[in-house]
Amino acid sequence: MTEAANASLRTVIQYASPELMHRATAARFLLELGDRLARGPRVDVVLTGGTDGTAVLKAIAESPLNGAVDWSRVHLWWGDERFVPADSPDRNAKQARDAWFGKLLDDGQMPASHVHEMPADTRTRGEIAAATDEEDVDLLNGAAAAYDQELVYELGTYPKLDVAMFGVGPDGHFASLFPDLAEIRIDDPLKRVVGITHSPKQPPLRLTLTSPFIRSSDKVWLLAGSAGKAEAVASALSGVNNPHVPSSFAAGKQETLWLITKASAKLL
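Predicted model, so just to flag it, every value in this text is computed and none were measured.

Our next topic: the nonpolar core. Within the largest apolar cluster, 69 residues are counted, with the highest numbers of intra-cluster contacts made by Phe 29, Leu 47, Trp 71, Leu 76, Trp 78 and Trp 100. When residues of this core are assigned to their parent elements, the largest contribution, seven residues, is made by helix H4 (residues 92–106).

One open sheet holds the six strands; their spatial order is S1-S9-S8-S5-S2-S3, and the pairing between them is parallel. Looking along the sheet, the strands with just one partner apiece sit at the ends: strand S1 (10–15) and strand S3 (74–78). Within the sheet, the average angular offset between the axes of one strand and its neighbour, ignoring direction, is 20°. Inspection of the sheet shows strand S2 (residues 43–47) paired to S3 by five bridges, in the parallel sense. Note that in S3 the partner of Leu 47 across the bridge is Trp 78. Most of the contacts of helix H6 (residues 133–155) go to S3, to which it runs at about 160°, and overall it touches S2 and S3.

This part takes up the pattern of salt bridges. Pairing is possible between side chains of opposite charge, provided their charged atoms come close. Under the counting rule described, the total for this entry stands at 19 salt bridges. Note that Asp 148 is salt-bridged to Arg 192, the shortest N-O span being 2.6 Å. Of this pair, Asp 148 sits in helix H6 while Arg 192 is found in the loop between strand S5 (163–167) and strand S6 (193–196), placing the two residues 44 residues apart along the sequence. Across the pair, exposure class does not vary: Asp 148 and Arg 192 are buried alike. The partner of Asp 162 in a salt bridge is Lys 160, and the shortest N-O contact between them spans 4.0 Å. For Asp 162, a relative accessible area of 12% gives the class buried.

On to the packing of aromatic side chains. Counted according to the given criterion, the structure contains six aromatic pairs. An angle of 85° between the planes, with centres 6.3 Å apart, marks the rings of Phe 29 and Trp 100 as edge-to-face. Of the two residues, Phe 29 sits in helix H2 (residues 18–39) while Trp 100 sits in helix H4, which places them 71 residues apart along the sequence. Judged by relative accessible area, Phe 29 falls into the buried class, the value being 1%. On the basis of relative accessible area, Trp 100 is assigned to the buried category, the value being 4%. Ring centres of Trp 71 and Trp 100 lie 5.2 Å apart, and the angle between their planes is 70°; on these two criteria the pair is classed as edge-to-face. In this pair, Trp 71 is assigned in the loop between helix H3 (50–62) and S3 and Trp 100 in helix H4, connecting sequence segments 29 residues apart. The pair formed by Trp 71 and Trp 100 is uniform in burial state, with each residue classed as buried. In textbook terms, an aromatic cluster arises when at least three aromatic residues are bridged by ring pairs, as seen for Phe 29, Trp 71, Trp 78, Trp 100 and Phe 101.

Scoring rules and cut-offs
Residues numbered from 1 in each chain as written. Predicted model: local features only at pLDDT ≥ 70, side-chain atom pairs only at ≥ 80, totals over all residues. Heavy atoms only, no water. Core = buried A, V, L, I, M, F, W, Y, C linked by side-chain atoms within 4.5 Å. Buried < 20%, exposed > 50% of the residue type's maximum accessible area, 1.4 Å probe, protein only. Helix = DSSP H or I, 4+ residues; strand = E, 2+ residues; numbered from the N terminus. Pairing = 2+ DSSP bridges. Axes fitted to C-alpha atoms, helices over the stretch in contact; angles between N-to-C directions. Contact = heavy atoms within 4.5 Å. Salt bridge = Lys/Arg side-chain N within 4 Å of Asp/Glu carboxyl O. Phe/Tyr/Trp six-rings, centres within 6.5 Å; stacked < 30°, edge-to-face > 60°.

The structure is reproduced here in structure tokens:
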């Protein structure tokens, strides 16, 4: 796909406020799942953390459409995760569980086996503090390989995801793909999950899907609600595959949506 064709697939939808964007995205998500479940046996979706991602999940929980989805056929994945202990409040998966899907599990609407969290750090605080950089790299490589194996086990030799949501950071990052880091330049389609040991945003150890794997998804949605993200939105939408602005790499095979607000669109 050429850069021009890649950019032409982007659709930008602007909302008057972050609250409206969150509610509209929640409704879009639930309707998309319903449509896909009407056509197939299961749906695999990628959840995101951050301010906008968590707000969307809360809006999903509050939506009357939430009760219309057959959650027993939905599988949840993550685009990135902070490599910290499983009970840490920094975990995207814990935030998502608290905001939304925990109730689905408690009510028996979604099997626990359909929640595919990225591996957590199982070391003690002392072990984490004493670890060398080499030990961190080895541990993250093993965790990335384990998540990749789970994707293959669930979705086949060449896995792909149906709908993937990502927040956009003020620096233009998405997932844990940060400006000018080597990981944003990965172009191997078989390299689906990698460890990050040097995140410029705390904590430094993370796991992330790669841009080639993200781009294999049917639909990719980017969320940017605040005025502080206006420069990132304008930079990402001004071109594609710019390593200074990682979210410019984001694209879906069928659809790429930028769901933004009047505030985050002010520099367009």
